[in-house]
Amino acid sequence: MSQEKQKDHTQIGAVIILVISAIVFIPVGGYEVFNAFFNNRKVPTFGAYDGKKITYEAGTTFTTITENLAERYKQMGYNLDSQSYYYLFSQAFEETVKDMAYLDAVKKSGYTVPESEENRMLIQYYSDETGNYSQRVYNQTDKATRESLKEGVNLTLTFNRFSDDLTGSNASKIKGESLYGIKTPSKEIDFIKNMGSEKHSFSYVAFGTEDFPKSESAKWAQSNLEKFVKYDLSAVTVNEESDANALLKQLNNNEITFEDAVSERSQKYYTETDGKVSRPYNYQLAISIENDEDVSKVSSLSKGQLSPVIKTTRGYTIYRCDGTATPADLSNDETLSIVETYIKTNEHGYIENYFTQIANDFVSQASLSTFDEASEKFGVTPVTTTAFPINYGTSALYAGIPTTYSDLNSLSTSADILQKIFALQKNEMSEPVLVGMNVMVFKCLSIINDDAVSESDTIKSQIASVNKNTATQTLMRSDKVENNIWSAYFENFANLGENN
């Protein structure tokens, strides 16, 4: 047997025996490369499953999966660095937990791999150039490699025994029928096919709520001027009420100056370093002061006057009035900017109503002319979609909303809106609906029944994939799983070069 052929068999055996979860590459010196990052630190522990620690040290399943994943990504062209290691370790941790849980479950069941199934899988590793089993290749493979292959296949089949029974699989078949796993009824297949067969295409326009005009902000503020009165205040904040009361007494008795209290005592949660209140508008004070009635105690202060101790959202604060309050001036750019920020943060319903009215006017105009003509008049660009089905939550079992339409990113989780627009008949327009940050109007262009849906075997495979993902997510939420990936990563990678 050639040296090249022998090397190939040795690597195949190593991969099978060391990596159960379908990791198909093996690095050279991977452990040494990763271990260099840890220097002389203690063995990194990334968590545990059922009380058994998951550590990065030579010979562990976690280490092997980590190294093989790294090699796999490198061969796919990814450039690995210390930041990407977090995601690599997370994936390896997940695979390791699955291996531990699945193998443990099969072991408790008393199941052993039938020799016939083991041999069926081993045949592929002793095939000739034509793909047929070759006794010559078997005889030329050294005993250690044959034993490694056999042990690896046994572990793989043991793992798959649980995975297949739990989630379903099409991997092992005889005459087209799955040997193991959850069987998928034909009526379920037909049902899933039909779920994605009816597709609708639309034309839509979007009025972006982020484009709220400044003039409308000023109009709203005219009825809410008191919110934008600007106060000239300084403040001292301490964590304990008793300390605040004692400090106020000292200030009133001139035992300490306000400036010294700021520099020596204040936590400065609400001020600059010099003690000046950094968010001095009326509505901002109302946010930081816990009780509404206390806002007036601060806003009514005269110049030089101290407030009583005020309970704020963090700590207890003593305010000092440094000057006369400034009424809201909507001709001032700074004030108008504050107004815009406030409305976008706290009055989004007002903005939505504004654009909903515009969208209603659009619908009226489009009803009198055409969708495209109304779009031109209102200064919006209509978007025409390809046909797609209702797919709430973007199930992997059939097609969803094409990702090319970024305006529709949040539509898949909006059940009410999906129902409204898919209830439209051809050429019918919707009422204005809020999708993400846009008020939108949809017009149904076509309704088709697409017979070009997935084949039964494809759907079976998709069901198995969904089941596997669900099983993994459920397992990772188990009380048996202790996940310390972030702390292990931070200690060993984010702080490279630091000594323990």
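Residues numbered from 1 in each chain as written. Predicted model: local features only at pLDDT ≥ 70, side-chain atom pairs only at ≥ 80, totals over all residues. Heavy atoms only, no water.

Caption draft 1: Looking closely at the sheet that holds strand S8 (residues 316-326). Pairing in this open sheet of three strands is antiparallel, and the strands run S6-S8-S7 from one edge to the other. Two strands bound the open sheet, and with one partner strand each, they are strand S6 (230-238) and strand S7 (310-311). Direction of pairing for S6 relative to S8: antiparallel, over a ladder of eight bridges. In the sheet register, Asp 232 faces S8, and the bridge partner there is Gly 323. Across the sheet, helix H10 (residues 241-252) is in contact with S6 and S8; its angle to S8 comes to roughly 50°. (Pairing = 2+ DSSP bridges. Helix = DSSP H or I, 4+ residues; strand = E, 2+ residues; numbered from the N terminus. Contact = heavy atoms within 4.5 Å. Axes fitted to C-alpha atoms, helices over the stretch in contact; angles between N-to-C directions.)

Caption draft 2: Fine view of the pattern of salt bridges. In total, this model carries 12 salt bridges according to the counting rule given. A salt bridge links Arg 120 to Glu 117; its shortest N-O distance comes to 2.1 Å. Here Glu 117 and Arg 120 lie together in helix H5 (residues 115-122), a separation of three residues that amounts to about one turn. The class for Arg 120 is partly exposed, based on a relative accessible area of 44%. For Glu 117, a relative accessible area of 7% puts it in the buried group. (Salt bridge = Lys/Arg side-chain N within 4 Å of Asp/Glu carboxyl O. Buried < 20%, exposed > 50% of the residue type's maximum accessible area, 1.4 Å probe, protein only.)

Caption draft 3: Seen up close, the environment of Ser 278. Secondary-structure assignment places Ser 278 in the loop between helix H11 (258-264) and helix H12 (282-288). On the basis of relative accessibility, which here comes to 35%, the residue Ser 278 falls in the partly exposed class. In sequence terms Ser 278 and Lys 268 are 10 residues apart; their C-alpha atoms lie 9.6 Å from each other. Not counting residues within four places of it along the chain, the set of residues in contact with Ser 278 comprises Tyr 270, Thr 271 and Glu 272.

Caption draft 4: Looking closely at the packing of aromatic side chains. Considering all chains together, one arrives at 32 aromatic pairs under this definition. Measuring from centroid to centroid gives 6.0 Å for Phe 62 and Phe 89, while their planes differ by 25°, and the two rings are stacked. Pair noted here: Phe 62 is in helix H3 (residues 61-75) and Phe 89 is in helix H4 (residues 84-109), with a separation of 27 residues, a long-range link. Of the two residues examined, Phe 62 and Phe 89, each falls in the buried class. Centroid distance Tyr 283 to Tyr 342: 4.6 Å. Interplanar angle 70°. Geometry classified as edge-to-face. (Phe/Tyr/Trp six-rings, centres within 6.5 Å; stacked < 30°, edge-to-face > 60°.)

Caption draft 5: Quick peek at the environment of Thr 312. Along the chain, Thr 312 turns up in the loop between S7 and S8. For Thr 312, a relative accessible area of 2% corresponds to the buried category. Residues Thr 312 and Ile 289 lie 23 residues apart in sequence; the distance between their C-alpha atoms is 4.4 Å. For Thr 312, the contacting residues outside a window of four places in its chain are Thr 237, Tyr 270, Ser 288, Ile 289, Glu 290, Thr 317 and Tyr 319. In terms of polar contacts, Thr 312 uses its side chain to reach the side chain of Thr 317, at 3.0 Å. (Polar contact = N/O pair within 3.5 Å; in protein donor to acceptor, adjacent residues only side chain to side chain.)

Caption draft 6: Looking closely at the confidence of the model for the protein chain. In the predicted model, the protein chain carries a mean pLDDT of 84, and 85% of its residues have values of at least 70. Low confidence marks residues 1-33, where pLDDT is under 50. Its contacts with residues over four positions away, or in another chain, come to 65 contacts. Low pLDDT (under 50) marks residues 496-500, which in the prediction has eight contacts with non-local residues, meaning those over four places away or in another chain. (pLDDT = per-residue confidence, 0-100.)

Caption draft 7: Broad picture of the packing of helix H9 (residues 214-221) against helix H14 (residues 333-346). In the contact formed by H9 and H14, the axes pass within 9 Å of each other and the chain directions differ by 85°. Comparing their axes, H14 and H9 come out roughly perpendicular. From H9, Lys 214, Ser 217, Ala 218, Trp 220 and Ala 221 reach across to H14, where they touch Leu 336, Val 339, Glu 340, Tyr 342 and Ile 343. (Parallel < 35°, antiparallel > 145°, perpendicular 65-115°, else oblique.)

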